[in-house]
Amino acid sequence: MVPIYPLCRIQVALAGMDKDMDWDKLRIFHAVADAGSLTHAGDALHLSQSAVSRQIRALEESLNTTLFHRHARGLILTEQGELLFDATASMVKRIDAATARIRDSEEEVFGELKVTTTHGFGVLWLAPRLTKLYEKFPDLKIDLMLEERVLDLPMREADIAIRMKEPSQADLIRKRLMSIRMRLYASPEYLAGRGVPETLEDLSTHRLICQSPSSAQVAAGKLMVQEVLTYDIQTALTVNNYFGVLQAVVANLGIGVLPDYIIEDFPSIVRVLPEIESNEVPVFLAYPEELRHSKRVSAFRDFVQDEIFSHRRQLRAMGAG
């Protein structure tokens, strides 16, 4: 008889369990693998450590393999355990997606919505406006994930994304929300003390505050910073996100490179060298096709669109553009 090696054996065993699959054992296994501890998994599942241990042993016996290495510091997945954990992680995501669709069949908007966007947009524009969303839907729970990294929406790393470029992933519903540009800003106090630059060459006598060209940011912002730095800037402060740049500008430290959407909420800062700005940066909202009918997604999408319209009206009223 040809021997079945461990990884093949676990695949064969899983295939053979389709008819009588013990989902409860797999659920417990996933919790243990995720926690790395029988005790912590038991606490999460409201089961005793001995009950969890029995279920894991029974699962290992049914698969005829070892899923964990036991160490004093906790449990470590074996190669076979890693394979099974990948499968249960996929199952959990699919169950979560199905649960979300079932819950969204109700009239109320409630439950968790995972939203991802960049640090700058999330901190400076989105988060300050969420009060209005919670006032309308108090049972909604937003998990706001601020990442420069683009999360995988089809794999449900997030439910909905607001990004500074059009998403390239397939099977996504996408909508262009607005366009932004990077511009130069300073506080009135800083300009009163150091003078207002009239040309880019004048920046050599000022402190520039910006993200480092090597940090993760929109390409248009990086190109603008690179161009400005060619004008013999004598002193600079680099910060790895726009919130830090804004705080330094407000604290009168220098002239900052910032996205134009901050103007509505920080009207006291002054635009410097108004003829200088980056190329246009499109802002897109996207979510998976399977969430097309999700009431939570629809509620968030409509809220963001309403806030964008309000934002545009406010900018026109302020004479900014």
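Residues numbered from 1 in each chain as written. Predicted model: local features only at pLDDT ≥ 70, side-chain atom pairs only at ≥ 80, totals over all residues. Heavy atoms only, no water.

- The chain is annotated in an unreviewed UniProt entry as DNA-binding transcriptional LysR family regulator from Salipiger aestuarii.
- Per UniProt, the chain carries the Sequence similarities (unreviewed entry) text "Belongs to the LysR transcriptional regulatory family." (UniProt positions renumbered as here; feature names shortened; annotations may be inferred.)

Regarding the overall build of the chain
Okay, so step 1: Counting its regular elements, the chain contains 11 helices and 12 strands.
Okay, so step 2: For a compact globule of 321 residues, the expected C-alpha radius of gyration is about 20 Å, and the chain comes in at 26 Å, more than 25% above that figure.
Okay, so step 3: On the principal axes, the C-alpha backbone points of the chain span a range of 85 × 45 × 35 Å.
Okay, so step 4: A total of 321 residues make up the chain; the buried ones form 45% of that total.
Okay, so step 5: Considering only intrachain contacts with a sequence separation of at least 6, the fraction spanning at least 24 residues in the chain is 75%.
Okay, so step 6: A total of about 16,900 Å² of accessible surface is found on the chain, and carbon and sulfur atoms cover 52% of it.
Okay, so step 7: Each charge sign in the chain was given a centre, from 37 positive and 44 negative side chains, and these centres are 2 Å apart. (Helix = DSSP H or I, 4+ residues; strand = E, 2+ residues; numbered from the N terminus. Rg over C-alpha atoms; globule rule 2.2 N^0.38 Å. Buried < 20%, exposed > 50% of the residue type's maximum accessible area, 1.4 Å probe, protein only. Contact = heavy atoms within 4.5 Å. Areas by Shrake-Rupley, 256 points an atom, 1.4 Å probe, with all protein chains shown as cover. Lys, Arg positive; Asp, Glu negative; His and termini not counted. Charge placed at Lys NZ, Arg CZ, Asp CG, Glu CD.)

A look at the layout of surface pockets
Which parts of space are left empty comes out when a probe the size of a water molecule is rolled across the atoms.
Okay, so step 1: A volume near 450 Å³ is recorded for the largest pocket.
Okay, so step 2: Every residue lining the largest pocket is counted, 30 residues in all, and those nearest its centre are Thr-118, Glu-148, Arg-163, Met-164 and Val-218.
Okay, so step 3: When contributions to the lining of the largest pocket are tallied by element, the ones reaching two or more residues are helix H6 (119-126), strand S5 (160-163) and strand S6 (172-180).
Okay, so step 4: Split by residue class, the lining of the largest pocket holds 16 nonpolar, 10 polar and four charged. (1 Å grid on protein atoms, 1.4 Å probe; cavity = no way out; pocket = protein on both sides within 12 Å on 5 of 7 lines; lining within 4 Å. Points joined across faces, edges and corners; volume = space filled by probe spheres on them. Nonpolar A, V, L, I, M, F, W, Y, C, P; charged D, E, K, R; others polar.)

A few points about the domain arrangement of the chain
In many reports, interface size means the accessible area that the parts give up when they come together.
Okay, so step 1: Per the domain assignment, the segments making up the chain are domain 1 (23-104) and domain 2 (108-320).
Okay, so step 2: In this structure, domain 1 and domain 2 have C-alpha centres spaced 40 Å apart. (Domains from an automatic or database assignment.)

Points about the packing of aromatic side chains
Okay, so step 1: Considering all chains together, one arrives at four aromatic pairs under this definition.
Okay, so step 2: Summarising the aromatic geometry, the rings of Phe-121 and Trp-125 are spaced 5.0 Å apart at their centres and angled 20° between planes, so their arrangement reads as stacked. Separated by four residues within a single helix, Phe-121 and Trp-125 lie in helix H6, roughly one turn from each other. You'll find Phe-121 and Trp-125 in the same group, each marked buried.
Okay, so step 3: Both rings, one in Phe-300 and one in Phe-303, keep their centres 6.0 Å apart while their planes meet at 55°; by these two values the pair is tilted. Here Phe-300 pairs with Phe-303, and both are found in helix H11 (residues 295-318), just three residues apart, close to one helical turn.
Okay, so step 4: The exposure class of Phe-303 is buried, given its relative accessible area of 8%.
Okay, so step 5: The structure contains a cluster of three or more aromatic residues connected by ring pairs, namely Phe-121, Trp-125 and Tyr-261. (Phe/Tyr/Trp six-rings, centres within 6.5 Å; stacked < 30°, edge-to-face > 60°.)

Details of the confidence of the model for the chain
Okay, so step 1: Across the chain, pLDDT averages 87, with 90% of residues at or above 70.
Okay, so step 2: Note on residues 1-19: pLDDT under 50 across the span, and 24 contacts to partners over four residues away in sequence or across chains. (pLDDT = per-residue confidence, 0-100.)

With respect to the sheet that holds strand S4 (residues 140-146)
Okay, so step 1: With mixed pairing, five strands are arranged side by side in an open sheet as S4-S3-S5-S12-S6. In the strand order of this sheet, the two ends are held by S4 and S6, each with one partner. Across the sheet, the mean angle separating the axes of adjacent strands is 20° when strand polarity is ignored. (Pairing = 2+ DSSP bridges. Axes fitted to C-alpha atoms, helices over the stretch in contact; angles between N-to-C directions.)

Some thoughts on the sheet that holds strand S11 (residues 270-277)
Okay, so step 1: Spatially, S9-S8-S10-S7-S11 is the arrangement adopted by the five strands of the open sheet, whose pairing is mixed. The sheet is open, and its two borders are formed by strand S9 (235-238) and S11, each paired with just one other strand. Averaged over neighbouring strand pairs, the angle between their axes works out to 30° when direction is ignored.
Okay, so step 2: Of the strand pairs in this sheet, strand S8 (residues 207-210) and strand S10 (residues 255-259) are connected by two bridges, and their pairing is parallel. Within the sheet, the bridge partner assigned to Ile-209 lies in S10 and is Gly-256.

Focus: the side chain of Gln-305
Okay, so step 1: With respect to the helices, strands and loops of the structure, Gln-305 is situated in helix H11.
Okay, so step 2: Excluding its chain neighbours within four sequence positions, the residues that come into contact with Gln-305 are Lys-175 and Leu-177.

Here's the deal with the nonpolar core
Okay, so step 1: Among the nonpolar cores identified, the biggest contains 64 residues, and Leu-126, Ile-162, Leu-184 and Phe-300 are the most heavily contacted of them.
Okay, so step 2: Top contributing element to this core by residue count: H11, with seven residues.
Okay, so step 3: Once you skip the residues sitting within four places of it in the chain, Phe-300 turns out to touch Leu-113, Val-115, Leu-126, Leu-130, Leu-133, Ile-142, Ile-160, Ile-162 and Leu-285.
Okay, so step 4: Residues Val-32, Leu-67, Phe-68 and Leu-75 belong to the second largest nonpolar core, which totals 19 residues. (Core = buried A, V, L, I, M, F, W, Y, C linked by side-chain atoms within 4.5 Å.)

Here we look at the side chain of Glu-264
Okay, so step 1: Along the chain, Glu-264 falls in the loop between S10 and S11.
Okay, so step 2: Reaching out from Glu-264, the side chain makes a polar contact with the side chain of His-311 at a distance of 2.6 Å.
Okay, so step 3: Excluding its chain neighbours within four sequence positions, the residues that come into contact with Glu-264 are Arg-129, His-311, Gln-314, Leu-315 and Met-318. (Polar contact = N/O pair within 3.5 Å; in protein donor to acceptor, adjacent residues only side chain to side chain.)

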